[in-house]
Amino acid sequence: MIVVTGATGNVGRPLVRALAAAGEQVTAVSRQVSAADVPERVRPVAADLAHPPGLKATLDGAEALFLLLTGDLLAGGADLGGILDAARDAGVRRVVLLSSQGVATGRHPAGPEEAVTGSGLDWTVLRPGGFHSNALQWAGTVRAQRLVAAPFGDVALPTVDPADIAAVAAVALREPGHGGATYELTGPEPISPRQQAAAIGRALDEPVRFVEQTAAQARAQLLRFMPEPVVAATLGILGTPSPAEQRVSPDVERVLGRPPRPFAEWALGSVDAFR
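Keep in mind it's a predicted model, so treat the numbers as computed, not measured.

Rules used in this analysis
- Residues numbered from 1 in each chain as written.
- Predicted model: local features only at pLDDT ≥ 70, side-chain atom pairs only at ≥ 80, totals over all residues.
- Heavy atoms only, no water.
- Core = buried A, V, L, I, M, F, W, Y, C linked by side-chain atoms within 4.5 Å.
- Buried < 20%, exposed > 50% of the residue type's maximum accessible area, 1.4 Å probe, protein only.
- Helix = DSSP H or I, 4+ residues; strand = E, 2+ residues; numbered from the N terminus.
- Contact = heavy atoms within 4.5 Å.
- Pairing = 2+ DSSP bridges.

A. Representation of the nonpolar core within the structure. One finds V4, L15, L19, F66, L126, I165 and L173 to be the most contacted residues of the largest nonpolar core, which totals 33 residues. Listing elements by their share of this core, those giving two or more residues are β1 (2–5), α1 (12–21), β2 (26–30), β4 (64–68), β5 (94–98), α8 (162–174), β8 (181–185) and α13 (251–256). For this core, the leading source of residues is α8, giving eight residues. Among residues more than four places away in sequence, those in contact with L15 are V4, F66, A166, A169, A170 and L173. Among the nonpolar cores identified, the runner-up in size contains 25 residues, and V29, L84, V95 and V125 belong to it.

B. Summary view of the pairing of β5. With five of its five residues buried, β5 lies for the most part within the structure. Side chains R94, V96 and L98 of β5 all project onto a buried face; the interleaved residues V95 and L97 project onto the opposite face, where all are buried too. Taken together, the five bridges between β5 and strand β6 (residues 122–128) define a ladder with parallel strand orientation. From the neighbouring strand, L98 faces β6, where its bridge partner is L126.

C. Spatial organisation of the pairing of strand β7 (residues 147–151). In terms of burial, β7 is largely enclosed, as four of its five residues are buried. The sheet contact formed by β7 and strand β9 (residues 209–213) spans five bridges and is parallel. Bridge pairing in β9 places A150 opposite E212.

D. Structural view of unusual backbone geometry. The phi dihedral of F152 is positive, around 55 degrees, even though this residue is not glycine. Locating F152 in the fold gives a position in the loop between β7 and α8. Phi at D205 is positive, roughly 60 degrees, even though this residue is not glycine. Looking at the secondary structure, you find D205 in the loop between α9 (193–204) and β9.

Spelled out as structure tokens, the structure:
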């Protein structure tokens with residue numbers, strides 16, 4: 001059995017689907033999840049990683065764990081040691097951690113990776129950069145006004161499709177040869193917010209106007225749903241990325257045997273969210 005935490009999110013949802021389609025026995029864990037959220041034969045379990053003692057029953061019988069820590073858990077000092085202890089006690093042998101490219105560049109704390117790599121479990125670390133799906137934050141204004149407002153309009157980063165992250169995670173969870181590996185996951189090319197707005201317009205077959213926000217405006221907006229340290233790191237990446245943060249990684253293609261999907265392809269597949 002494979003346990004997927006964050007099972008209703010942008011990565012967890014396609015990961016659960018991919019594992020179920022491959023014939024794996026899957027337990028989908030999220031704070032709020034029901035049978036309606038998952039494919040047939042997938043077991044939904046509502047659980048909170050902030051309370052590790054309650055996880056053992058969820059993990060019993062599992063061989064592998066996909067571990068996703070949300071920003072609020074990280075900001076609150078999640079008891080990752082307790083989570084990993086519960087996994088070991090339940091018989092889990094392999095853990096795949098969804099980390100961040102920011103760990104490598106020093107913008108995000110390395111604690112979660114250090115806990116996993118020192119856990120004694122067979123581990124794989126995934127370090128994605130920005131997600132294509134972050135563009136969904138613009139869906140409301142695109143629907144209402146055909147407008148995208150974002151800071152740093154011409155700073156390009158190689159954002160990645162969450163479905164590609166899920167596909168890499170599925171391989172690491174199911175197949176041998178990925179223990180002790182750290183994969184940096186990016187898209188095939190850097191793309192700026194202005195270019196993303198244009199790609200959404202092409203998907204809609206209608207023009208989408210781009211308006212550049214100030215950094216202060218963007219900060220106020222992000223603080224509505226992100227802790228302040230995460231906001232500061234995010235704006236740093238978006239506004240003054242390092243060469244490492246702008247570099248295209250070969251790891252998606254190395255693991256999957258195909259190139260990562262570009263933003264324009266994601267926009268076409270997600271166009272209904274912007275209509």
